[in-house]
Amino acid sequence: MKKAIVIGSGIGGLSAAVRLAAKGFDVKVFEAKEFLGGKLSQIEQDGYRFDAGPSVFTLPQIIDELIQYAGKNPKDYFDYEKLDESFRYFWVDGTRLTYYHDQAKLKQEIETKLNTSFEPVAKYQEKAALLFEKNYPLFLEKSLHKIGTYFSKEAIATLPHLHRFDLFKTMHEANVKHFEHPKLVQMFDRFATYNGSNPFMAPGVLNMISHLESRIGTYFPKGSMIGITNSVVKLAKDLGVEFIMNTKVDEIVVQNKQVKGVRIGQEKYDADVVVSNSDVYFTYNELLKNQGIKSKAAEQERSSSGIIFYLGIKKEFKELGLHNFFFSDNMEEEFDHIFNKKIVYDDPSIYINITSKYNKDDAPEGCENWFLMMNAPANDGSQDWDEQTEKAYRVMLDKVSKQLGTDVEQYIETKTFLNPPKIKERTNSYQGSIYGTSSNAKMSAFFRHSNYSKKIKGLYFSGGSVHPGGGIPLSVLSSKIMVENMREVRN
Ligand SMILES: Cc1cc2nc3c(=O)[nH]c(=O)nc-3n(C[C@H](O)[C@H](O)[C@H](O)COP(=O)(O)OP(=O)(O)OC[C@H]3O[C@@H](n4cnc5c(N)ncnc54)[C@H](O)[C@@H]3O)c2cc1C
């Protein structure tokens, strides 16, 4: 039986382990921490449970597909429900709007709350759908590092539509061209943050991200977001995958350009293939440092990070839903701050996620579990994070308190936080970035690291810091592309 070692149990590592076990490998997963899931993990404190990282769940069929790949029935492992609304939006001037999936309800919201026609929104959704449908099979399901991809039927099918891809505009420029209403521009610029990018720099084609929420929908997994990790871990265990916790891999062992296994302290573990789910920067700069090889892809600009407060709140706020977003009045200045690694912006956009709205077990009765987040720069070593985190806390509470018309602080009965250094410490993510490399440059998709090594046979990569990028769906897709390009696997 061929042996595979997976370094890290983030969702990209877990899904790689499942796929390899399904292909008949004897799989071991080494995880540095005492918990599984990496960013997709949880924090429990004083009777409250919080999802530590991801909270917006789209494309659940990618998890179903993983379960089916392993020859199992998705319903035996994983359940989720489609949400009626994706977000509740709040603006400083008091405007509030709920983004419903139902088109008739959304039309009414846009017309009554923004006093503008729905038609541009409907047209925008059509275009986002086209962008998504043409790009998904090419950019998200295939390796961009194989020449065959560019001659595939998917590539040929995109050619007649290239002129509609807004390749030479930023997301913001494309949105300003499309919408007259500034709040609609803001609403759709916001989607750049779904892969930690800047809408004033990222290419217009990324406006396809909004299609996920607008037309495909947002979902809530049974048992909250940690339910995803739990399901995939159970699947992996049922397939015989062995998990070794609290064990940091120190080196990927290579001989004659062929992977031989990993080293942990003085101990060596043999393997025919090694999959790194560790951040690609550390894969090169720590795990492969004895090989003396560098990767430009590993050094690309990092995505944004975040400052997140996990708050136990002794009150239920009826005006808030599962996902709530409070806009900054000047998003251009805000993003300029973030991507120039400056201090916390005074009027940040704020995101509040409350899973106890759906999963009552996540907070005591009559209480709510708030995930209160603002985007922040990745940690380049120049920022004073203690000071910044305290400032972020004040700024966020003030802004949300004003909007909700009550001093929120009086209801907080427990709190903890993550910031870029803590995200690094918790998940070994370079500079504490959330989504690996940013997508700010026009060609970013092509600069991400591939899912296999061109220099070392038997070495593969799966996770948010490599192709096709960050976020749960893409991290799972990275394991799919990886296995499809493995010479050790007969697909
Ligand atoms: C605050 C926050 C909010 C987010 N919101 C969303 C969202 O709403 N929707 C969404 O889809 N995505 C979201 N994301 C992004 C998403 O969480 C990530 O893109 C995805 O989970 C990354 O998974 P990964 O496979 O790259 O592994 P990671 O989660 O990065 O985990 C890597 C694992 O490898 C382990 N490891 C690293 N090095 C070693 C080593 N040498 N030896 C052993 N183990 C090692 C680490 O301990 C860790 O467990 C968010 C992330 C954060 C932090």
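Quantities reported herein were computed from a predicted structural model and do not represent experimental measurements.

Criteria and cut-off values
- All residue numbers here refer to positions counted from 1 along the written sequence of the relevant chain.
- Where totals are concerned, whole chains, interfaces and linings use all residues; where local detail is concerned, this predicted model gives features only for residues with pLDDT of at least 70, and gives and counts side-chain atom pairs only at 80 or more.
- Hydrogens are left out, water is left out, and the side-chain values use all remaining heavy atoms of the structure.
- Throughout, near means a residue has at least one heavy atom within 4 Å of the molecule or strand.
- N or O atoms closer than or at 3.5 Å make up a polar contact, with two conditions inside protein: a donor-capable atom paired with an acceptor-capable one, and, for residues adjacent in sequence, both atoms drawn from side chains.
- Computed with a 1.4 Å probe, the accessible areas rest on the Shrake-Rupley method; for each residue, only the protein chains presented here act as cover.
- Segments assigned H or I by DSSP are reported as helices when at least four residues long, segments assigned E as strands when at least two residues long, and all are numbered from the N terminus.
- Only Asp, Glu, Lys and Arg are considered charged, only Ala, Val, Leu, Ile, Met, Phe, Trp, Tyr, Cys and Pro nonpolar, and every remaining residue, Gly among them, polar.
- As annotated, the domain borders come from an automatic or database domain assignment.
- Contacts are residue-level and defined by heavy atoms, with any inter-residue pair within 4.5 Å sufficient.
- By convention, the term buried area covers the 1.4 Å-probe accessible surface removed from two parts as they join, with the contributions of both added.
- One side-chain nitrogen of Lys or Arg within 4 Å of one carboxyl oxygen of Asp or Glu is enough to make a salt bridge.
- The definitions used throughout rest on a 1 Å grid laid over the protein atoms alone, on which a cavity is an enclosed set of points accommodating a 1.4 Å probe that cannot get out and a pocket is an open set flanked by protein within 12 Å on both sides along at least five of seven lines; lining residues are those having an atom within 4 Å of a point.
- Grid points are joined across faces, edges and corners, and a volume is the space filled by probe spheres set on the points.
- Strands are labelled as partners when DSSP assigns at least two bridges between them.
- Here, axes are lines fitted to C-alpha atoms. For helices the fit covers the stretch in contact, and angles between N-to-C directions go from 0 to 180 degrees.
- Think of it in three bands: residues with accessible area under 20% of the maximum for their type are buried, residues over 50% are exposed, and the middle band is partly exposed, with areas taken using a 1.4 Å probe on protein chains only.
- Here the arc refers to the set of directions running from the helix axis out to each C-beta atom.
- Any two rings among Phe, Tyr and Trp, with Trp reduced to its six-membered ring, count as a pair given centres within 6.5 Å; such a pair is stacked if its planes are under 30 degrees apart, edge-to-face if over 60, and tilted if neither.
- By definition, being over a ring means that NZ of Lys or CZ of Arg is both within 6 Å of the ring centre and within 35 degrees of the ring normal.

1. Some details on the site of the ligand
Stage number 1. Every one of the 35 residues lining the ligand counts as a neighbour, but Gly12, Glu31, Lys39, Gly464 and Gly471 are closest to it.
Stage number 2. Taking Val249, its main chain carries an N or O atom lying 2.9 Å from a nitrogen atom of the ligand.
Stage number 3. Considering the ligand on its own, with 1000 Å² of exposed area, one finds that the protein chains cover 94% of that surface.
Stage number 4. Among the secondary structure elements, those contributing two or more residues to the shell around the ligand are helix H1 (11–22) and helix H15 (472–484).
Stage number 5. The element contributing the most residues to the shell around the ligand is H15, with three residues.
Stage number 6. A class-by-class count of the residues in the shell around the ligand yields 13 nonpolar, 18 polar and four charged.

2. A look at the domain arrangement of the chain
Stage number 1. When the domains of the chain are assigned, the result is domain 1 (3–41 + 58–80 + 225–300 + 441–484), domain 2 (84–217) and domain 3 (304–427).
Stage number 2. Once you take the C-alpha centre of each, domain 2 and domain 3 turn out to be 25 Å apart.
Stage number 3. If you look at the interface, domain 2 gives 19 residues, while domain 3 gives 22 residues.
Stage number 4. When domain 2 packs against domain 3, close to 1900 Å² is buried across both sides, 60% of that on carbon and sulfur atoms.
Stage number 5. Its largest share of buried area at the contact with domain 3, domain 2 owes to Arg88, Phe90 and Val92, together 32% of the area lost on that side.
Stage number 6. Our count for the contact surface shared by domain 2 and domain 3 stands at zero salt bridges.
Stage number 7. Across the domain 2-domain 3 interface, the total number found is eleven residue pairs in polar contact (both at pLDDT 80 or more).
Stage number 8. Contributing elements (two or more residues each) for the side of domain 2 that touches domain 3: strand S6 (85–90) and helix H7 (182–189).
Stage number 9. For the side of domain 2 that touches domain 3, the element with the highest residue contribution is S6, accounting for six residues.

3. A word on empty space enclosed by the protein
Stage number 1. Evaluated as defined, the whole model comprises one cavity of 30 Å³ or more.
Stage number 2. Approximately 50 Å³ is the volume found for the largest cavity.
Stage number 3. The wall of the largest cavity is formed by Glu334, His337, Ile338, Lys342, Ile343, Val344, Tyr345, Met374, Asn375, Ala376 and Pro377.
Stage number 4. Those elements that provide at least two residues to the lining of the largest cavity are helix H11 (331–339) and strand S17 (368–376).
Stage number 5. Residues belonging to the lining of the largest cavity are distributed by class as follows: seven nonpolar, two polar and two charged.

4. Quick look at the sheet that holds strand S10 (residues 251–255)
Stage number 1. Pairing is antiparallel in the open sheet, where three strands are placed in the order S10-S11-S12. Of all the strands in the sheet, the pair left with one neighbour each is S10 and strand S12 (267–270). Across the sheet, the axes of successive neighbouring strands diverge by a mean angle of 35°, strand direction being ignored.
Stage number 2. Here strand S11 (residues 258–264) pairs with S12 via four bridges, running antiparallel. Across the sheet, residue Arg263 finds its bridge partner in S12, namely Lys268.

5. Things to note about the environment of Asn359
Stage number 1. Residue placement: Asn359 occurs in the loop between strand S16 (350–354) and S17.
Stage number 2. In sequence terms Asn359 and Gly223 are 136 residues apart; their C-alpha atoms lie 6.8 Å from each other.

6. Some thoughts on the pattern of salt bridges
Between side chains of opposite charge, pairing is possible as soon as their charged atoms come close.
Stage number 1. Under the defined criterion, the tally for this structure stands at 22 salt bridges.
Stage number 2. Here Glu126 and Arg215 are joined by a salt bridge, their closest N and O atoms 3.2 Å apart. With Glu126 in helix H4 (residues 119–140) and Arg215 in helix H8 (residues 210–216), the pair connects residues that are 89 residues apart, well separated along the chain.
Stage number 3. The partly exposed category is assigned to Arg215, whose relative accessible area is 30%.
Stage number 4. Glu409 serves as the salt-bridge partner of Arg394, at 3.0 Å between the closest nitrogen and oxygen. A residue pair is termed long-range when its members are at least 10 positions apart, and Arg394 in helix H12 (residues 385–404) and Glu409 in the loop between H12 and strand S18 (412–418) qualify at 15 residues.
Stage number 5. A relative accessible area of 31% places Glu409 in the partly exposed class.

7. So, helix H3 (residues 103–113)
Structural remark: α-helix, 3.6 residues per turn; residues separated by three or four positions point the same way.
Stage number 1. Taken together, the buried positions of H3 are Leu106, Glu109 and Ile110. The buried side chains of H3 occupy one side of the element, clustering within an arc of 95° when seen end-on. Residues Ala104, Gln108 and Thr112 are exposed on H3 and point more than 90 degrees away from its buried face.
Stage number 2. If you check the start of H3, you find a side-chain oxygen 3.2 Å away from the backbone N of Ala104, and it comes from Asp102.

8. Remarks on the side chain of Ser465
Stage number 1. Note that Ser465 resides in the loop between strand S19 (459–461) and H15.
Stage number 2. Within the local environment of Ser465, its side chain forms a polar contact with the backbone nitrogen of Val280, the two atoms lying 2.9 Å apart.
Stage number 3. In contact with Ser465, not counting residues within four places along its chain, are Ser278, Asp279, Val280 and Gly436.

9. Re the packing of aromatic side chains
Stage number 1. With the rule as written, the count across this model stands at 32 aromatic pairs.
Stage number 2. Ring geometry for Phe309 and Tyr393: centres 4.6 Å apart, planes at 45°, overall tilted. Of the two residues, Phe309 is situated in strand S14 (residues 305–313) and Tyr393 in helix H12; the sequence distance between them amounts to 84 residues. Both residues of the pair, Phe309 and Tyr393, belong to the buried class.
Stage number 3. Measuring from centroid to centroid gives 5.9 Å for Tyr351 and Phe371, while their planes differ by 65°, and the two rings are edge-to-face. Placement of Tyr351 in strand S16 and of Phe371 in strand S17 is noted, with a sequence separation of 20 residues between them.
Stage number 4. For Arg190, the ring lying beneath its charged end belongs to Phe87, and the centroid distance is 4.1 Å.

10. Examining the sheet that holds strand S7 (residues 96–100)
Stage number 1. Reading across from one edge, S7-S6-S15-S16-S17-S14-S18 is the order of the seven strands in this open sheet, with mixed pairing throughout. Taken across any chain shown, the strands that pair with only one partner, and hence form the sheet edges, are S7 and S18. Across this sheet, the average inter-strand angle for adjacent strands is 20°, counted without regard to direction.
Stage number 2. Two strands pair when backbone bridges link them, and strand S15 (residues 323–326) and S16 are joined in this way by four bridges, in the antiparallel orientation. Bridged to Phe326 within S16 is Ile350.
Stage number 3. Taken strand by strand, H12 contacts S6, S7, S14, S15, S16, S17 and S18, and its axis lies near 55° from that of S14.

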